Amino acid sequence: MKLLVTGGAGFIGSNFVRYILKKYPSYRIVNLDKLTYAGNRGNISDLNANPRHEFIRGDIADRTTVDEAMAKVDAAVNFAAETHVDRSIASATAFIKTNISGTHTLLESARKHRLSRFVHISTDEVYGSIPRGSFTEKSGLNPSSPYSSSKAGADLIARSYFITHKVPVIITRSSNNFGPFQYPEKVIPLFVINALEDKPLPLYGNGLNVRDWLYVLDNCEAIDKVLHKGKDGEIYNIGGSTHLSNVELTKKILEMLGKSSKLIKKVDDRPAHDFRYAVNCTKIANDLGWRPRAIFDEALAATITWYEINKPWWKKIINNNYREYYRKQYGRA
Ligand code: NAD
Ligand code: TYD
């Protein structure tokens, strides 16, 4: 199979590209990525000499580039997106352009090139917050941030291309991922790095908001199953079954690193901060035989070790642009 992976220089995309190339020795991947602040050739430098991996720097909202890439492949997995809620609150423009217009451009091109499958990577955040229980694939969409709203918009357009144009779209909605190569603006890498540097860990609000943590390689396995065995037009929830409040997560990180809880610094809450995300994963378990394998504490420990070992990776990111962003957006830490 020849596969187009968009956003394959980002966190989940780079893990997925590596996972697929290793698992399927005959597969070829065309990796289309704009290399925004979140994209990094360093995330896929081990693939530079791999003849089965072709990297194209380009925008998913640019039809000419997309058509060129799409003409080379049989199927596509769309990871490319603007992904950080806090950035979407500061400015939503790039989110609308990439997440909505970019997805639309890919769908039009997939239609033209008659792709055999188009997996659109979405998020549990499209369902919005749920105080208890969990959302199924049939639940309504109730997003609250510009990020989750732009993802919900993309999901609806993707579904419409299946219904109207018979583009073989499948949507995945996963919970919060963690693991190697995650950009240090998301809470786990940010807190691990700050703790390693004995800097404060800025915990939003009362720290009681709950997220369901999914190890990135478990998500890659789920997407692989969806790509090969999923049913056209379907949606699959993917969750880690590890629900933790932010304060519980923060204490675990500090404990694993042998650091004091005095590093926790309560800061102003995020506007419209979703309290709890939770997805019901019975469908993917029953239909595709997927369940998360990772034991959370082991996967978190492995992730922390990865950040300890790969200091040059995150130091470079921080020195290039992150520190400035962080100071500007929050004026804290
Ligand atoms: P990321 O921010 O680490 O990477 C996004 C990648 O997309 C980057 O490499 C970036 O350069 C690229 N990109 C951005 N705009 C582009 C454009 N216009 N054209 C081409 N490339 C572009 O994101 P991630 O955490 O790896 O998330 C990947 C996907 O998974 C996203 O669609 C996200 O909504 C979804 N998702 C993420 C999580 C999570 O916890 N990280 C959870 C659920 C769903
Ligand atoms: P984040 O990693 O930004 O993912 P998302 O908002 O998409 O779930 O945040 C995860 C949780 O951690 C969320 O409840 C907000 C919280 N958080 C903090 O408390 N402090 C921080 O500095 C960040 C980035 C997040």
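Let me begin by describing the structure that accompanies this report. (Residues numbered from 1 in each chain as written. Chains lettered and ligands numbered in written order. Predicted model: local features only at pLDDT ≥ 70, side-chain atom pairs only at ≥ 80, totals over all residues. Heavy atoms only, no water.)

**Overview of the environment of Gly42**
So, step 1. Mapped onto the elements of the fold, Gly42 is located in the loop between strand S2 (28–33) and strand S3 (53–57).
So, step 2. Using a relative accessible area of 33% as the deciding quantity, one classes Gly42 as partly exposed.
So, step 3. Separated by 167 residues in the primary sequence, Gly42 and Asn209 place their C-alpha atoms 32 Å from one another. (Helix = DSSP H or I, 4+ residues; strand = E, 2+ residues; numbered from the N terminus. Buried < 20%, exposed > 50% of the residue type's maximum accessible area, 1.4 Å probe, protein only.)

**Structural notes on the site of ligand 1**
So, step 1. Not every one of the 29 residues close to ligand 1 is listed here, only the nearest: Ile12, Asp33, Thr83, Tyr147 and Lys151.
So, step 2. One of the side-chain nitrogen or oxygen atoms of Thr98 is found 3.0 Å away from a nitrogen atom of ligand 1.
So, step 3. Protein chains shield 97% of the accessible area of ligand 1, which is 840 Å² for the free molecule.
So, step 4. Contributing elements (two or more residues each) for the shell around ligand 1: helix H1 (11–23), strand S5 (117–123), helix H5 (146–165) and strand S7 (176–178). (Near = heavy atom within 4 Å. Polar contact = N/O pair within 3.5 Å; in protein donor to acceptor, adjacent residues only side chain to side chain. Areas by Shrake-Rupley, 256 points an atom, 1.4 Å probe, with all protein chains shown as cover.)

**Describing the sheet that holds S7**
So, step 1. Ordered in space as S7-S9-S11, the three strands form an open sheet in which the pairing is mixed. Among the strands making up the open sheet, the edge pair consists of S7 and strand S11 (243–245). With strand direction ignored, the average angle separating the axes of adjacent strands in the sheet is 50°.
So, step 2. The pairing of strand S9 (residues 210–215) with S11 spans three bridges and is antiparallel. Paired with Arg211 across the strands is Leu244, a residue of S11.
So, step 3. Along the sheet face, helix H10 (residues 296–309) touches S7, S9 and S11 and points at about 55° away from the line of S7. (Pairing = 2+ DSSP bridges. Axes fitted to C-alpha atoms, helices over the stretch in contact; angles between N-to-C directions. Contact = heavy atoms within 4.5 Å.)

**Some points on the pairing of strand S10 (residues 235–238)**
So, step 1. The two faces of S10 match: Ile235 and Asn237 on one face and Tyr236 and Ile238 on the other face are all buried.
So, step 2. Bridge analysis of strand S6 (residues 169–174) against S10 gives four bridges, and the strand direction is parallel. By the bridge assignment, Arg173 is partnered in S10 with Asn237.

**Topic: the packing of aromatic side chains**
So, step 1. Using the criterion set out here, one finds 13 aromatic pairs in the structure.
So, step 2. With a centroid separation of 4.4 Å and 10° between ring planes, the pair formed by Tyr24 and Tyr27 is classed as stacked. Like Tyr27, Tyr24 is buried.
So, step 3. Seen from their ring centres, Tyr127 and Phe135 are 5.2 Å apart, and the 20° between their planes marks the pair as stacked.
So, step 4. In this structure, Arg87 packs its charged tip against the face of Tyr37, placed 3.4 Å from the ring centre. (Phe/Tyr/Trp six-rings, centres within 6.5 Å; stacked < 30°, edge-to-face > 60°. Lys NZ or Arg CZ within 6 Å of the ring centre and 35° of its normal.)

**Some words on the nonpolar core**
So, step 1. The biggest cluster of nonpolar side chains holds 65 residues, and the ones touching the most others in it are Leu3, Phe16, Val77 and Ile284.
So, step 2. Looking at this core element by element, the count peaks at seven residues for H1.
So, step 3. Ranked by size, the runner-up nonpolar core spans 31 residues in total, among them Phe181, Leu190, Val192 and Leu263. (Core = buried A, V, L, I, M, F, W, Y, C linked by side-chain atoms within 4.5 Å.)

**Section: the pattern of salt bridges**
So, step 1. Scanning all chains against the criterion turns up 19 salt bridges.
So, step 2. Among the ionic pairs, Arg18 bridges to Asp46, the shortest N-O distance being 2.8 Å. A residue pair is termed long-range when its members are at least 10 positions apart, and Arg18 in helix H1 and Asp46 in the loop between S2 and S3 qualify at 28 residues.
So, step 3. The closest approach of N and O atoms between Asp224 and Lys23, which form a salt bridge, is 2.7 Å. Placement of Asp224 in helix H7 (residues 216–229) and of Lys23 in helix H1 is noted, with a sequence separation of 201 residues between them. (Salt bridge = Lys/Arg side-chain N within 4 Å of Asp/Glu carboxyl O.)

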